[in-house]
Amino acid sequence: MSKKMHISLTVNGKQEEFLAEPRELLIYTLRERLNITGPHIGCETSHCGACTVTIDGKSVKACTMFVAQADGADVTTIEGLGNPDSLHPLQEAFKEHHGLQCGYCTPGMITRAAKLLEENPNPTEDEIRFGMAGNLCRCTGYQNIVKSIRAAATEMNAAKEAAE
């Protein structure tokens, strides 16, 4: 058995400290140790994107990252984007434009889409499809996912303009 190491993470704005084996995968840390169940375990090979989180400003698939690699990092999951009383514009858009069916991929989709819109606030349909290519959905034809992301971009851009 490996020697446990002290891990310190900021997850959704909350500081977390614990001992963990360096080989523990971040997805298991989030789900089992910290009870943050938004990121899902899908393929465990980085192909599906159900486990997508944002770490230090980058989209990362948590099923392929050791918790030791995330030590000291700032981690954002779907739970950190909004809450039931105040949905993130992407969460609202996915709801309004039917961007989900079973919902299994949705947390990873929305988390990745949030980063995509941060990087490119006004993406074209092709840019959305390219930017979301690492996140798979087995239920939809992706059209409503793209539509949801475009609607959220419009809403977020309008809110930004109104605030200026």
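Note that the structure is a prediction, hence the values are computed from the model and not measured. (Residues numbered from 1 in each chain as written. Predicted model: local features only at pLDDT ≥ 70, side-chain atom pairs only at ≥ 80, totals over all residues. Heavy atoms only, no water.)

1. Side note on the domain arrangement of the protein
By the assigned domains, the protein splits into domain 1 (5-80) and domain 2 (89-163). Taken together, both faces of the contact between domain 1 and domain 2 bury some 1100 Å²; the carbon and sulfur share is 53%. On the domain 1 side of the interface with domain 2, the three residues burying the most area are His40, Thr52 and Ile78, jointly 40% of the side's total. Applying the counting criterion to the domain 1 and domain 2 interface returns zero salt bridges. The interface formed by domain 1 and domain 2 contains eight residue pairs in polar contact (both at pLDDT 80 or more). Of all the elements in the fold, those that place two or more residues in the side of domain 1 that touches domain 2 are β3 (52-55) and β4 (58-61). Of the residues belonging to the side of domain 1 that touches domain 2, the class tally is five nonpolar, eleven polar and two charged. (Domains from an automatic or database assignment. Buried area = accessible area lost by both parts, 1.4 Å probe. Salt bridge = Lys/Arg side-chain N within 4 Å of Asp/Glu carboxyl O. Polar contact = N/O pair within 3.5 Å; in protein donor to acceptor, adjacent residues only side chain to side chain. Helix = DSSP H or I, 4+ residues; strand = E, 2+ residues; numbered from the N terminus. Nonpolar A, V, L, I, M, F, W, Y, C, P; charged D, E, K, R; others polar.)

2. Here's the deal with helix α3 (residues 106-119)
Between its terminal C-alpha atoms α3 stretches 20 Å, which fits the 20 Å expected from 14 residues at 1.5 Å a residue. Within α3, twelve of the 14 residues are buried, leaving the element largely enclosed by the surrounding structure. Among the residues making up α3, those that are buried are Thr106, Pro107, Gly108, Met109, Ile110, Thr111, Arg112, Ala113, Ala114, Lys115, Leu116 and Leu117. Those residues of α3 hidden inside the fold are in contact with β3, β4, β5 (74-76), α2 (89-96), α4 (125-131) and α5 (143-163). (Expected span 1.5 Å × (residues − 1). Buried < 20%, exposed > 50% of the residue type's maximum accessible area, 1.4 Å probe, protein only. Contact = heavy atoms within 4.5 Å.)

3. Description of the state of the cysteines
This structure, assessed with the given rule, holds zero disulfides. With no disulfide of its own, Cys102 lies 3.7 Å from the sulfur of Cys139, the closest cysteine sulfur. With no disulfide of its own, Cys137 lies closest to Cys105 among cysteine sulfurs, the gap being 3.7 Å. (Disulfide = S-S within 2.5 Å.)

4. Thoughts on the packing of α2 against α5
Axis separation between α2 and α5 bottoms out at 8 Å; the angle between their running directions is 135°. Between α2 and α5, the crossing angle belongs to the class labelled oblique. In terms of crossing hand, the pair formed by α2 and α5 is right-handed. Contacts between α2 and α5 involve Pro89, Leu90, Ala93 and Phe94 on the former and, on the latter, Ile145, Ser148, Ile149, Ala151, Ala152, Glu155 and Met156. (Axes fitted to C-alpha atoms, helices over the stretch in contact; angles between N-to-C directions. Parallel < 35°, antiparallel > 145°, perpendicular 65-115°, else oblique. Left-handed = near helix turned anticlockwise from the far one by under 90°.)

5. Observations regarding the side chain of Thr52
If you trace the backbone, Thr52 turns up in strand β3. Reaching out from Thr52, the side chain makes a polar contact with the backbone oxygen of Gly49 at a distance of 2.7 Å. Those residues in contact with Thr52 that sit more than four places away from it in its chain are Ser59, Val60, Lys61, Gly108, Thr111, Arg112 and Asn135.

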